[in-house]
Structures are given as C-alpha cells and as structure tokens.
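Residues per chain are reported as follows:
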Amino acid sequence: MMIFKRYSMYLMSIGAGVLVGVIYGLLHVRSPAPPAIALLGLLGMLIGEQLVPIASRIIQREPITLSWFCENCSSKITGVDATEQGKK
C-alpha cells in the first residue's frame with residue numbers, strides 16, 4: 001500500500017493519459033501534437049503558471065531574488081523539491 005501512496009500521482013497521471021488515449025481511439029481522432037511538441041507545451045504551462053506569483057510580487061513591489069524563485073517556483077517547474085536538491 002505504501003508503494004501506491006508513493007506513486008499515486010504518477011499512476012493517476014498515466015491513467016488519465018490512457019483514458020484520453022482510449023477516447024481518442026474510440027473517436028478515431030489523432031493526438032493533437034507529437035510527443036516532443038506536447039512536452040514543450042507542458043513545460044510552457046509550468047513556466048506560465050509561475051508567472052502569476054512573480055507578477056504578484058512585482059505588483060506588491062517585493063523583490064524577486066534567486067533564493068525566493070528557487071524556494072517558491074523552481075520546484076513547481078522541475079518537480080524537484082529545493083530542500084531535497086540541497087541534500088545531494
């Protein structure tokens with residue numbers, strides 16, 4: 001059960017992808033983008049998502065420092081926790 005809990009996010013993601021693939025197959029629709037282009041689009045979404053807290057800090061006239069960015073944004077883009085990254 002511990003393994004499922006550890007990987008549940010990944011399992012749900014792959015499950016959602018398979019479900020969408022099945023729906024595409026039933027509708028005889030091709031995937032809207034080749035895998036490399038789709039991955040770049042997902043990266044763009046992750047980066048764009050972090051523009052909101054950056055814009056919020058700019059509006060509030062708070063500084064955007066590298067340490068703030070690493071602590072608050074980079075882990076959401078890379079999927080690697082900043083505290084775990086420092087342990088290596």
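Within each chain, residue numbers correspond to sequence positions counted from 1 in written order. Only residues with pLDDT of at least 70 are given local features in this predicted model, and only at 80 or more are side-chain atom pairs given and counted; all residues enter the totals for whole chains, interfaces and linings. To obtain the side-chain values, all non-hydrogen atoms of the structure were included, while hydrogens and water were left out.

A. Structural context of the side chain of Arg57. Here a strand is any run of E in DSSP of at least two residues, a helix any run of H or I of at least four, and the numbering for each starts at the N terminus. When you line up the elements, Arg57 lands in helix H2 (residues 35-59). Since its relative accessible area comes to 15%, Arg57 is described here as buried. The term polar contact refers here to a pair of N or O atoms within 3.5 Å; inside protein, the definition further demands a hydrogen-donor-capable atom paired with an acceptor-capable atom, and it admits residues adjacent in sequence only when both atoms are side-chain atoms. Engagement of the side chain of Arg57 in a polar contact is seen with the backbone oxygen of Pro63, the distance being 2.6 Å. If near-sequence neighbours (up to four positions away) are discounted, Arg57 is found in contact with Glu62, Pro63, Ile64 and Trp68. The buried label applies to any residue whose accessible area, calculated with a 1.4 Å probe on protein chains only, is under 20% of its type's maximum; exposed applies above 50%, and partly exposed to all values in between. Should any heavy atoms of two residues lie within 4.5 Å, those residues are considered in contact.

B. How the structure looks around helix H3 (residues 66-78). Given a rise of 1.5 Å per residue, 13 residues ought to cover 18 Å, yet the end C-alpha atoms of H3 are separated by just 15 Å, more than 12% below that figure. If you look at H3, its biggest bend is around 40°, right at Asn72. Just beyond H3, the residue with positive phi is Gly79, at close to 85°. Here, expected helix span is obtained from the residue count minus one, scaled by 1.5 Å. By definition, a residue's bend is the angle between the axes fitted to the seven residues ending there and the seven starting there.

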